[in-house]
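Inside the fold
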Amino acid sequence: GVTGMEEILARVVAPLPTYETRDKYPPPPESNSLEFMHFYGSLDKEDKLGFLTKLSQDFGVDHKGVSELALRLLDTQLRDLATILQVEDRLRYGLTPRYKQLLNHISRVEGGVKFLVDLRADVLEIISSKASETPHIRDLNGTLKSLLSEWFSVGLLRLERITWQSPCEILQRISQYEAVHPIRNWTDLKRRVGPHRRCYAFTHAAMPGEPLVVLYVALTEDISDNIQSIVREFATLDSEEDVNKINAAIFYSISSTQAGLQGVELGNYLIKRVVRGLQSEFPHMAQFSSLSPIPGFSSWLQGLLSQYKKEGRGSDLLSEQEWKEVEQATGSAPGSTAIEALRKLIATSEWMRSERLTCVLEPVLMRLCAWYLYGEKRRGYALNPVANFHLQNGATMWRLNWNADTSPRGVENSCGVMVNYRYFLNETSKNSTLYLQNKVITASEQVLGLVSQFQKSSKL
Ligand SMILES: CC(C)(COP(=O)(O)OP(=O)(O)O)[C@@H](O)C(=O)NCCC(N)=O
């Protein structure tokens, strides 16, 4: 109950030592951390929200003390620098939330880091579900994120290559976590860690046996334009002797496994670290690219078609000739019924079964998909989350591939189209800065050509 929460918190969240005694203060007993972890673990979702709200509100920053220190800092502006630095340091210390010490102490007990990763996952869920509007919860998230970013910085992570000889526990875990192209069975898994394949994970000493982020790579002759050739069921497990057949590394799946580490950018660091490793293993390898899904394209397109139907602007999406073909193939009357027919075709993937529709729709869907990836934005950044991820890393939106994922999921989610985000190694940092600061997307001629085709046909 509530009193139980307040009682526990008052007991285990030790008050912040005074500025003078901040380094001399003996750490509180480990039992405080263990009791906090045990108590929190016993709460249900509802009570966790109440508990974290109380923790962040009543055991955070001493706002009154901070404003007094801020005033004091203003008063000392005309004083000597040493005094100013002294007061600044007091202010810096005064801005430390009371609970931050407890989080630090928890990180030192067995399983404490994993507990804090999961705690942040709960906090992120509270924020995203808008279950609580208090700004204090955001402060708690900020404090957790900055602590976790320090503990999970690249220098403290271990790069593990996962092979068929890896412990079953790890192989079982990575097959469970694989979110992009689900692993069907042991044969499939064996293939993905076998010849011409690499599988890497970052692990951390504080969370043994737990892959934090997993990257699957295919070693190929040139940059893959379809996923079936990479994850198809049965293929020759040929050896890797013939090195001049290995010129490219294709990242075809990456997944982070800890929700609480969102924003710590592990995937980005893993890709860069794996690239360096592959370059030393294959000195002549010069092509590094993803082969990425385009989740959300189909549903975005259906929304667009409905909107254009309402506004009677079908002609802004397809040319006269293209609409004629659609009307003939679907037996629909020109105008809104044709748009509705097209919308339905895409929703049911029916269009894939007709040869004629497929060749009519290829240029249409390719230019719409290029616009979806390049033109559609959210707060200025790419709307599509996978595009946003690779563009933040400094990759180039390099090539759209038709008929790249013919699996039911691939056709349903993105009309079978996939995209290569290519990593030109000496351009990634420049591209990343351009994207993050100026929201400029670096794209290839092929992509820009498709985008301008879209803009011409929709008079955008
Ligand atoms: C794409 C991923 C790996 C990026 O993770 P990461 O680099 O840690 O970024 P972030 O989560 O720190 O923003 C992550 O967002 C993820 O697992 N997404 C779901 C699967 C996918 N590949 O889209």
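An account of the accompanying structure is given in this report.

Next up on the list: the overall build of the protein chain. Helix and strand counts for the protein chain stand at 20 helices and 9 strands. Structurally, the protein chain occupies a C-alpha span of about 80 × 60 × 50 Å along its principal axes. In the protein chain, buried positions account for 49% of the 460 residues. A fraction of 76% describes how many contacts in the protein chain between residues 6 or more apart in sequence connect residues 24 or more apart. Accessible surface, the protein chain: about 22300 Å² in total, of which carbon and sulfur atoms supply 54%. Separation of charge centres in the protein chain, based on 52 positive and 53 negative side chains, amounts to 2 Å.

As a matter of local geometry, the ligand sits amid 13 residues, with Ile 254, Ser 256, Gly 263, Glu 265 and Gly 267 nearest to it. The contact in question runs from an oxygen atom of the ligand to an N or O atom on the backbone of Leu 266, over 3.2 Å. Residue Asn 268 places a main-chain N or O atom 3.4 Å away from an oxygen atom belonging to the ligand. Surface burial for the ligand is 70%, taken as the share of its 520 Å² of free accessible area covered by protein chains. More than half of the atoms of the ligand fall within 2 Å of the grid points belonging to the largest pocket. Listed by contribution, the elements that provide at least two residues to the shell around the ligand are strand S4 (248–256) and helix H12 (266–281). A per-class count over the shell around the ligand returns 6 nonpolar, 6 polar and 1 charged.

If you add up the space inside the largest pocket, you get close to 1200 Å³. Taken together, 41 residues make up the lining of the largest pocket; nearest its centre are Gln 262, Gly 263, Pro 385, Phe 389 and Gln 392. Those elements that provide at least two residues to the lining of the largest pocket are helix H7 (112–128), helix H8 (135–151), strand S3 (213–220), S4, H12, strand S7 (381–382) and helix H17 (385–392). For the lining of the largest pocket, the per-class residue count stands at 20 nonpolar, 16 polar and 5 charged.

Turning our eyes to something else, we now look at the pattern of salt bridges. For side chains bearing opposite charge, pairing can occur when the charged atoms are close. A complete count under the given rule lists 24 salt bridges for this structure. Among the salt bridges present, the one from Asp 89 reaches Arg 22, with a minimum N-O distance of 3.6 Å. Of this pair, Asp 89 sits in helix H5 (residues 81–94) while Arg 22 sits in the loop between helix H1 (2–12) and helix H2 (30–42), and the two are 67 residues apart along the sequence. Residue classification places Arg 22 among the partly exposed residues on the basis of a relative accessible area of 28%. What you see here is one network of salt bridges that share partners, running through Glu 178, Arg 184, Asp 188 and Arg 192.

Its location among the elements puts Ser 349 in the loop between helix H15 (336–348) and helix H16 (355–374). If near-sequence neighbours (up to four positions away) are discounted, Ser 349 is found in contact with Val 411 and Glu 412.

Turning next to the side chain of Ser 132. Residue position: Ser 132 is located in the loop between H7 and H8. Reaching out from Ser 132, the side chain makes a polar contact with the backbone nitrogen of Thr 134 at a distance of 3.3 Å. Leaving out residues up to four positions away in the same chain, Ser 132 has contacts with Leu 49, Thr 53, Ile 126 and Ile 137.

This brings us to the packing of aromatic side chains. Aromatic ring pairs are described here by two measures, namely the spacing of the ring centres and the angle between the planes. Scanning the model with the defined rule gives 15 aromatic pairs in all. Consider the rings of Phe 297 and Tyr 372, whose centres lie 5.7 Å apart with planes at 40 degrees: the pair is tilted. In this pair, Phe 297 is assigned in helix H13 (residues 297–310) and Tyr 372 in helix H16, connecting sequence segments 75 residues apart. Looking at Phe 297, the relative accessible area reads 0%, which means it is buried. Assessed through its relative accessible area of 4%, Tyr 372 is described here as buried. Ring geometry for Tyr 381 and Tyr 435: centres 5.3 Å apart, planes at 65 degrees, overall edge-to-face. Of this pair, Tyr 381 sits in strand S7 while Tyr 435 sits in helix H19 (residues 428–438); the two residues are 54 residues apart in sequence, bridging distant segments of the chain. Residue Tyr 435 is classed as buried on the basis of its relative accessible area of 1%.

Moving on to the pairing of strand S9 (residues 418–422). In terms of residue burial, S9 counts as a mostly covered element, since 5 of its 5 residues are buried. Along S9, one buried face is formed by Met 418, Asn 420 and Arg 422 and the opposite face, lined by Val 419 and Tyr 421, is buried too. Where strand S8 (residues 396–401) and S9 come together, 5 bridges link them in antiparallel fashion. Across the sheet, the residue bridging to Met 397 is Tyr 421, located in S9.

Take the packing of H13 against H16 next. Between two packed helices, the angle of one axis relative to the other and the distance separating the axes together describe the packing. At a minimum axis separation of 11 Å, H13 and H16 run at an interaxial angle of 100 degrees. In terms of axis orientation, H13 runs roughly perpendicular to H16. Where H13 abuts H16, its residues Phe 297, Trp 300, Leu 301 and Leu 304 lie against Leu 365, Leu 368, Cys 369, Trp 371 and Tyr 372. Residues belonging to the contact of H13 with H16 are distributed by class as follows: 9 nonpolar, no polar and no charged.

Rules of the game
Residues numbered from 1 in each chain as written. Predicted model: local features only at pLDDT ≥ 70, side-chain atom pairs only at ≥ 80, totals over all residues. Heavy atoms only, no water. Helix = DSSP H or I, 4+ residues; strand = E, 2+ residues; numbered from the N terminus. Buried < 20%, exposed > 50% of the residue type's maximum accessible area, 1.4 Å probe, protein only. Contact = heavy atoms within 4.5 Å. Areas by Shrake-Rupley, 256 points an atom, 1.4 Å probe, with all protein chains shown as cover. Lys, Arg positive; Asp, Glu negative; His and termini not counted. Charge placed at Lys NZ, Arg CZ, Asp CG, Glu CD. Near = heavy atom within 4 Å. Polar contact = N/O pair within 3.5 Å; in protein donor to acceptor, adjacent residues only side chain to side chain. 1 Å grid on protein atoms, 1.4 Å probe; cavity = no way out; pocket = protein on both sides within 12 Å on 5 of 7 lines; lining within 4 Å. Sits in = over half its atoms within 2 Å of the grid points. Nonpolar A, V, L, I, M, F, W, Y, C, P; charged D, E, K, R; others polar. Points joined across faces, edges and corners; volume = space filled by probe spheres on them. Salt bridge = Lys/Arg side-chain N within 4 Å of Asp/Glu carboxyl O. Phe/Tyr/Trp six-rings, centres within 6.5 Å; stacked < 30°, edge-to-face > 60°. Pairing = 2+ DSSP bridges. Axes fitted to C-alpha atoms, helices over the stretch in contact; angles between N-to-C directions. Parallel < 35°, antiparallel > 145°, perpendicular 65-115°, else oblique.

Any functional reading would require information that these geometric values do not contain.
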